[in-house]
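Letter by letter, the chains look like this.
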Amino acid sequence: MTSPSTPPPAGAGGPRPVLEAHGIRKRFPGVLALDGVSLRLFPGEVHALMGENGAGKSTLIKVLTGVHPADGGTVLVDGRPHAFTDPLQAQRAGISTVYQEVNLCPNLSVAENILIGREPRRFGLVRWSETRRRAAELLTELELGLDVTRPLGAHSLAVQQLVAIVRAVDVSAKVLVLDEPTSSLDREEVAQLFGLVRRLRDRGVAILFVTHFLDQVFDLCDRVTVLRGGRLEGEYPIAELTPVTLVQRMIGGELATLDQLSGRAHGQGAERAAGEPFLRARRLTRAGSIEPYDLDIHAGEVIGLAGLLGSGRTEAARLLFGADGADAGEVSIEGRRAPLRSPRHAIARGIAFCSENRKSEGLVGELTVRENIVLALQAARGWTRPLTRAKQDELARHWIEALDIRPADPEAQVRHLSGGNQQKVLLARWLLTEPRLLILDEPTRGIDIGAKAEIQKLVARLADEGTAVLFISAELEEVLRLSHRIAVLRDHRMVATLANDGTVTPERLLTTIATGTDS
Amino acid sequence: MSTGTADTAARRARPFPAVSPRTRTRVPLLVTAGLLVVMFGVGSVRYEGFLSAQVVLNLLIDNGFLLVVAVGATFVILTGGIDLSIGSMVALSTMLTAWLVQSHGWPLAAVIPLVLLTGAASGALMGWIIHTFEIQPFIVTLAGMFLARGLCYTISTESITIDDPATTGAAQTRLYGPGGLFVSIPVLIALAVLVTAFVVLHHTRFGRNVYALGGNESSARLMGLPTGATKVAVYGVSGLCSALGGLLLTLYTLSGYALHAMGMELDAIAATVIGGTLLTGGSGFVLGTALGVLVLGMIQTLVNFQGTLSSWWTRIVIGALLLVFIVLQRLLGGRRSTAR
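Chains are numbered independently. Their residues run from 1 in the order of the written sequence. Chains and ligands are labelled by the order in which they are written, letters from A for the one and numbers from 1 for the other. At least 70 in pLDDT is required for a residue's local features to be given in this predicted model, at least 80 for side-chain atom pairs to be given and counted, and no such filter applies to totals for whole chains, interfaces and linings, which use all residues.

Trainee: For this particular structure, what's the right way to read the overall build of chain B?
Mentor: Secondary structure elements follow DSSP: runs of H or I no shorter than four residues count as helices, runs of E no shorter than two count as strands, and numbering proceeds from the N terminus. The helix and strand inventory of chain B stands at 15 helices and four strands. Taking 20 Å as the expected radius of gyration for a compact globule of 340 residues, we find that chain B reaches 21 Å, a close match to that expectation. Each of the 340 residues in chain B was classed as buried or not, and the buried ones make up 48%. When contacts within chain B are restricted to residue pairs at least 6 apart in sequence, long-range pairs at least 24 apart make up 79% of them. Based on C-alpha atoms, the radius of gyration is set beside the globule rule, defined as 2.2 Å times the residue count to the power 0.38. A residue is called partly exposed when the number of other C-beta atoms within 10 Å of its own lies between 12 and 20, exposed at 12 or fewer, and buried at 20 or more, with C-beta atoms placed from the backbone. Contacts here follow a simple rule: the backbone-placed C-beta atoms of the two residues must lie within 7 Å.

Trainee: Explanation requested: the UniProt feature "transmembrane region" (unreviewed entry) in chain B in the structure shown.
Mentor: Residues and elements named next belong to chain B. UniProt positions are given in the numbering used here, feature names are shortened, and annotations may be inferred rather than shown by experiment. The residues that UniProt annotates with the feature "transmembrane region" (unreviewed entry) are residues 27–47, 59–78, 108–129, 135–155, 175–201, 232–254, 266–299 and 311–332. Helix makes up 100% of residues 108–129 and strand 0%, whereas the separation of the span's terminal C-alpha atoms amounts to 32 Å. Across residues 232–254, helical content stands at 96% and strand content at 0%; the span's end C-alpha atoms are separated by 32 Å.

Trainee: Honestly, the sheet that holds strand β13 (residues 279–286) of chain A in this entry has me stumped. Any pointers?
Mentor: Picture the strands of a sheet paired through backbone hydrogen bonds; they go either parallel or antiparallel. Residue and element names in this part refer to chain A. Read across the sheet, four strands follow the order β14-β13-β16-β17 without closing on themselves; strand pairing throughout is antiparallel. Strands at the two margins of the open sheet, each flanked by one partner only, are β14 (290–297) and β17 (336–337). The sheet contact formed by β13 and strand β16 (residues 328–333) spans five bridges and is antiparallel. Each bridged residue has a counterpart across the sheet, and for R280 the counterpart in β16 is S332. Axis lines are fitted through C-alpha atoms, for helices just across the contact stretch, and the angle between N-to-C directions can take any value from 0 to 180 degrees. Across the sheet, helix α11 (residues 313–321) is in contact with β13, β14 and β16; its angle to β13 comes to roughly 120 degrees. Strand pairing is defined by DSSP finding a minimum of two bridges between the two strands.

Trainee: In this structure, what is going on with the pairing of strand β10 (residues 206–210) of chain A? I would like to understand it.
Mentor: Working note: regular strand, side chains alternate between the two faces of the sheet. Residues and elements named next belong to chain A. Most of β10 is tucked away: five of the five residues are buried. Because side chains alternate across β10, one face comprises the buried residues A206, L208 and V210, and the other comprises I207 and F209, equally buried. Bridge analysis of strand β3 (residues 46–50) against β10 gives four bridges, and the strand direction is parallel. Bridge pairing in β10 links L49 to V210. As judged from the five bridges shared by strand β9 (residues 175–179) and β10, these two strands associate in the parallel manner. Along β10, the bridge assignment pairs V175 with A206.

Trainee: Would you take a moment to explain helix α8 (residues 243–251) of chain A for this structure?
Mentor: Three or four residues apart is the spacing at which side chains of an α-helix point the same way, because the helix has 3.6 residues per turn. Residue and element names in this part refer to chain A. Within the span of α8, buried status applies to L246, V247, M250 and I251. For α8, the buried positions fall inside an angular range of 120 degrees around the axis, keeping them on one side. Taken from the residues just after α8, G252 is the one with a positive phi, measuring 105 degrees. Throughout, the arc means that of the directions going from the helix axis to the C-beta atoms.

Trainee: I'm lost on the confidence of the model for chain A in this one. Help?
Mentor: Any region with low pLDDT has predicted coordinates that should not be read closely. Residue and element names in this part refer to chain A. Per residue, pLDDT measures the predictor's confidence, with a range of 0 to 100. Residue-level pLDDT values for chain A average 83, and 90% of them are 70 or greater. Low pLDDT (under 50) marks residues 1–13, which in the prediction has 17 contacts with non-local residues, meaning those over four places away or in another chain. Confidence drops under a pLDDT of 50 for residues 254–263, and excluding neighbours within four residues, the segment shows eleven contacts in the predicted structure.

Trainee: Just to check I follow, could you spell out the packing of helix α5 (residues 157–171) of chain A against helix α6 (residues 187–202) of chain A for this structure?
Mentor: The angle between the axes and the distance between the axes are what describe a pair of packed helices. All names here are of chain A. One way to put it is that α5 packs onto α6 with a least axis distance of 10 Å and a crossing angle of 10 degrees. When the axis of α5 is compared with that of α6, the two are roughly parallel. Facing A158, Q161, L162, I165 and V169 of α5, the residues of α6 in contact are E189, Q192, L193, L196 and L200. When the residues that make up the contact of α5 with α6 are grouped by side-chain class, the tally is seven nonpolar, two polar and one charged. Here is the rule for angles: anything less than 35 degrees is roughly parallel, anything more than 145 is roughly antiparallel, 65 through 115 is roughly perpendicular, and the remaining ranges are oblique. Here the nonpolar group is Ala, Val, Leu, Ile, Met, Phe, Trp, Tyr, Cys and Pro; Asp, Glu, Lys and Arg are the charged ones; every other residue, Gly included, is treated as polar.

Trainee: When you look at the sheet that holds strand β18 (residues 351–354) of chain A in this model, what are you seeing that I'm missing?
Mentor: Residue and element names in this part refer to chain A. The sheet built from six strands is open, its strands ordered β18-β19-β20-β15-β21-β22 with mixed pairing. Every other strand in the sheet has two partners, leaving β18 and β22 (493–499) as the edge strands with one partner each. Each neighbouring strand pair of the sheet contributes to a mean axis angle of 15 degrees, computed without reference to strand direction. Sheet analysis places strand β21 (residues 485–490) next to β22, joined by six bridges and oriented antiparallel. Each residue of the ladder has a partner; that of R490, found in β22, is R493. Contacting β15 (302–306), β18, β19 (437–441), β20 (468–472), β21 and β22, α11 runs over the sheet at an angle of about 150 degrees to β19. In the packing of helix α19 (residues 506–515) onto the sheet, the strands contacted are β15, β21 and β22, and the crossing angle to β21 comes to about 30 degrees.

Listed below in structure tokens is the structure:
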């Protein structure tokens, strides 16, 4: 990691920020997405905006670039207040954005993509030779050699990204917002992009850089603004941070309480991990979502998947359920090869998956508790063998009681239940199919403490009864309490598998998450 | 996570090797041009009197109005939209022209601007609805299609024949060239429209915005291009071309009738697609559309020369050709898959 090449701007007497946001508030129906967030951006700096998914990074960018109007707070460009209501206004004020998805037209030439809307003209007609010459000039200035007459779609995604930046800078060269520009680029392409960013920085452009990748922040950025849960956590010169302290600031100060864990799962790991694994994954991968990983899950074992939000935890799990197809690698179940091509294959082999988005991917809000509970079992039986109503009622009553679902009314519509109870309905649905492997993706997110504890107890009990569990959670505490072994994910890669034998402390787990090495 | 593997995956997913975008846009055009030459060659060998320059000029005389409306359709299809109201707008224009000239004795010179304005305004209105309310162009122009066709019947349920001398004079004017070859006034108008459309599409900002809109609408908006105005304008252009096409058809048939131009929108779309414009938008040439119109006309001419075939064979051949061209577009690579 290189140290920042420009000194952090001094407070008083230093250069004036080119872009300043104060006390930005933004409310979406039901959520306060941004609550009093501030940001300062100086000319000639690369400034990282960090935070977990849902911390408000995207919302802040959208407010700064005029996609969403703010509900409160002020945005100052060069000291003058602005209230942008669409991206064009922001562009005119000097703020350009390059998104993760390249927002250019693949059917037009490189030259056109750079200059469209601003082509040189004579008598209302576009001067093509002049257009091509200017585009080539701009590219050469930034040390990029491209054939400007080729259609953009013929170039790689990385080159398209670079072209998008060149366009953005040519449109308005004061502030450049890069929203996760590197997430689909390989190492060399990232280096090329960083080269361009550094050249722009040296010309005095202020660059706001949003990324998930910690290394890139330390590589490229001068200062960092960290958001957490829609609030400003702080603004730091990068030199004052280490990867570990940065992650701590991103996920919050729960560390003090983490020490008081009960070591419930400690010590049983070795015993449960003995023998033939129920599921064995080897070099399983899917391009763009998770790099090749190995994983064994034994019957009765709880495997925790730890990592920041967006680190590839869900992606890894979805491959095991066949929800996404793997590009390469293999899965065997009880020693036999089992290509999991679709969730149907996975369900047939005794794998159940409780999704993170219980609303969009799991439960049907308009159906009753009973109907939601029997859904998966009915699907497993096939539509030719319907469950009788009496059987449905019996099952629903049994599971409502077993999981203490409230209200204890099988005919209540699921959308009226609280988050925790919805989660239990979803669990009941899958438990009904008596899965051999239960994948739980953030089963306790957004539910109250009581329901959380019950779900944790249930997971422990299921494991004791011989069910294999893959437990995904952002809360280190939970993962440490429940898991026999913990697989750590970082930047879409499984970086370590730790046996939870009492030696794993929250600090050690956090370090692994932050640095990618278990030290 | 490397794009290397992602690209490989994308390549693997595509049934045929990727070709460069440039090849993709040009191959259909070359195929169409080749087809035209082959058809003319076959006709010349098989039928007496087929091999003459006048046969080619007659193609233009008989299809001038189709060329004009197909140019309008090309603008819309290049943005990724569709205009189903073309045929009805043509019929309404013939009706309006015949009614005003014949029943009300208006001079043709006064009727023409009125009809053109009506066409452009109703097209622009549909474009505005499509843009403002974010409704599928298919539905909006379908409504426009019924509306315009219905309005024809409020003028008259019968065919109105024009015998106004100025109009018939203009219709029957033949412009003679060397060797006794001749064209009609509508042919010159149609060619002028074609040239204008070419210049507009390839050499003005509006034209480039049309391509950008068809390439990726949300990108075009984020690039700061006036997507709304462009969308309203292309449907306006299509309406204008329909109205002009209607005027030319009125001159060709010297009548206005509510049943004129039934399904002409489909001929226009077929000509555009056969001419190499992608239905998904963003790729194609208006000159290709002209070739497409000539191909359709050539099929009609061949069927006529054959003499024993029912005129429905024209439709059957067009249908088969259209299918071949759409499959060809697909094989040359879905643009969407490279855009990712």
